[in-house]
Amino acid sequence: LSVMKMSIDLIKQHPADAKISDSIITKRLDLIEKSIDRISHQVDDVLDYVRNSPLKLSTISLRTIILGSIDKVNVPHDVTITVSDSDAILSCDSIKLDAVFINLIVNAIQAIPQGGTIEIQIRSNNDEVIIDFIDSGVGIPQEFMDKIFEPLFTTKQKGTGLGLASCKNIIEQHNGKISVKNNPTTFTITLPKIPELPKSISQ
Ligand SMILES: Nc1ncnc2c1ncn2[C@@H]1O[C@H](COP(=O)(O)OP(=O)(O)O)[C@@H](O)[C@H]1O
Ligand SMILES: [Mg+2]
């Protein structure tokens, strides 16, 4: 896919060399490029879901991971994301948690067609961290509440339905929990500050 994408970029940069300066062809190339982006995205979702690699733990600030996740998302200008000032230090796989947070933020953005807010709140006690993702979007129909964490459940025409299933896998790998409520739509993640690692079967 990336080779295809690179070739298209090259053709677009040198339309004269490629003898395809016609604007219709350029439009088609744009379409191909968009499809490739979409397929790449879907393949990434599938790989994220299937990959069940062991956690690579490090001790890190949760707020730093969340701010990094927000940076990687294309946030529409009519969507405002706020992160509470509070922070917590925990032992976790920051790359996997980053993927969880990106999934939740993208879902929230997709649920906010007319502009609105995403509030991310961090709370903690002695041994747990609790993170709420609250969005002002359209909400989740009651009959779907039990289904949204199931693999392949999607209400989107171009969705994979693997985002929340991956989130659940990763949070459970950390011995945490993820749950959802409506009014306002709130995804709540609870993580132990130090995940008790499952005993290795090979030892
Ligand atoms: N913040 C949200 N607001 C409303 N609905 C949501 C939200 N997050 C997830 N959903 C619902 O849960 C479904 C599953 O989400 P997900 O597993 O990420 O798959 P996908 O985003 O590919 O549809 C979505 O299709 C949507 O119906
Ligand atoms: Mg999603």
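Every residue gets a number counted from 1 within its own chain, in the order that chain's sequence is written. Naming scheme: in the order in which they are written, chains are lettered from A and ligands are numbered from 1. Only residues with pLDDT of at least 70 get local features here, since the model is predicted, and only at 80 or more are side-chain atom pairs given and counted; chain-wide, interface and lining totals rely on the full set of residues. Side-chain descriptors were evaluated using all non-hydrogen atoms of the structure, hydrogens and water having been removed beforehand.

Okay, the pattern of salt bridges next. Should their charged atoms come close, side chains of opposite charge can pair. Here a salt bridge means any side-chain nitrogen of Lys or Arg lying within 4 Å of a carboxyl oxygen belonging to Asp or Glu. Inspection of every chain in the model, using the stated rule, returns 7 salt bridges. Of the charged contacts in the structure, one is a salt bridge between D48 and R51, with a shortest N-O distance of 3.3 Å. The shortest N-O distance in the salt bridge between K72 and D98 comes to 2.9 Å. Placement of the pair is K72 in helix α3 (residues 62-72) and D98 in helix α4 (residues 94-110), with a sequence separation of 26 residues. Think of it in three bands: residues with accessible area under 20% of the maximum for their type are buried, residues over 50% are exposed, and the middle band is partly exposed, with areas taken using a 1.4 Å probe on protein chains only. For D98, a relative accessible area of 13% gives the class buried. Helix numbering and strand numbering both begin at the N terminus, where a helix is a DSSP run of H or I of at least 4 residues and a strand a DSSP run of E of at least 2.

With omega at -10°, the peptide bond leading from N183 into P184 counts as cis. Of note in the backbone geometry, L152 takes a positive phi value of approximately 75° without being a glycine. As for its position among the elements, L152 is in the loop between β5 (128-135) and α5 (163-173). Non-glycine residue N175 carries a positive phi angle of around 60°. With respect to the helices and strands, the residue N175 is situated in the loop between α5 and β6 (177-181).

Before going further, it helps to examine the pairing of strand β2 (residues 79-83). Only one face of β2 is covered, namely the face carrying V79, I81 and V83; the face carrying T80 and T82 is uncovered. Pairing between two strands is assigned when DSSP locates at least 2 bridges connecting them. By the bridge criterion, 5 bridges tie β2 to strand β4 (residues 116-124) in an arrangement that is parallel. When the sheet's bridge partners are listed, I81 is paired in β4 with I118.

Each domain's extent was defined by an automatic or database domain assignment. Along its sequence, the chain is organised into domain 1 (2-50) and domain 2 (58-192). Centre-to-centre separation of domain 1 and domain 2, based on C-alpha positions: 30 Å. It only takes one pair of heavy atoms within 4.5 Å for two residues to be counted as in contact. Opposite the 6 residues of domain 1 that make contact, domain 2 presents 7 residues. Buried area: the accessible surface (1.4 Å probe) lost by two parts on joining, summed over both. Across the domain 1/domain 2 interface, buried area totals approximately 680 Å², and carbon plus sulfur atoms make up 60% of it. Counting across the domain 1 and domain 2 interface gives 0 salt bridges. Whenever two N or O atoms come within 3.5 Å, that pair is a polar contact, provided that in protein one can donate a hydrogen and the other can accept it, and provided that, for residues adjacent in sequence, both atoms are side-chain atoms. For the pair domain 1 and domain 2, the interface holds 2 residue pairs in polar contact (both at pLDDT 80 or more). For the side of domain 1 that touches domain 2, a count of residues per class yields 2 nonpolar, 1 polar and 3 charged. Polarity classes work like this: nonpolar for Ala, Val, Leu, Ile, Met, Phe, Trp, Tyr, Cys and Pro, charged for Asp, Glu, Lys and Arg, and polar for all others, with Gly in that last group.

Moving on: the site of ligand 1. Being near a molecule or strand, for a residue, comes down to having at least one heavy atom within 4 Å of it. Lining the immediate environment of ligand 1, one finds 19 residues, of which N107, T154, T155, K156 and L164 sit closest. Interatomic distance of 2.5 Å between a side-chain N/O atom of T154 and an oxygen atom of ligand 1. Between ligand 1 and K156, the relevant distance is 2.7 Å, taken from an oxygen atom to a side-chain nitrogen or oxygen of the residue. Values of accessible area rely on a 1.4 Å probe in the Shrake-Rupley scheme; residue burial ignores everything except the protein chains shown. Burial of ligand 1 by the surrounding chains reaches 93%, relative to a free accessible area of 540 Å².

Before going further, it helps to spend a moment on the packing of α3 against α4. Interaxial distance between α3 and α4 falls to 9 Å at its minimum, and their mutual angle equals 50°. As the angle between them shows, α3 and α4 are arranged oblique. Both α3 and α4 take part in a crossing whose hand is right-handed. Residues L62, I65, I66, G68, S69, I70 and K72 of α3 form the contact with α4, whose participating residues are S94, L97, D98, F101, I102 and I105. Residues belonging to the contact of α3 with α4 are distributed by class as follows: 8 nonpolar, 3 polar and 2 charged. Convention adopted: a line fitted to C-alpha atoms gives each axis, helices being fitted over their contacting stretch, and angles between N-to-C directions are expressed from 0 to 180 degrees. Any angle between 65 and 115 degrees counts as roughly perpendicular, while under 35 counts as roughly parallel, over 145 as roughly antiparallel, and the rest as oblique. Note on convention: near helix rotated counterclockwise from far helix by under a right angle means a left-handed crossing. Clockwise means right-handed.

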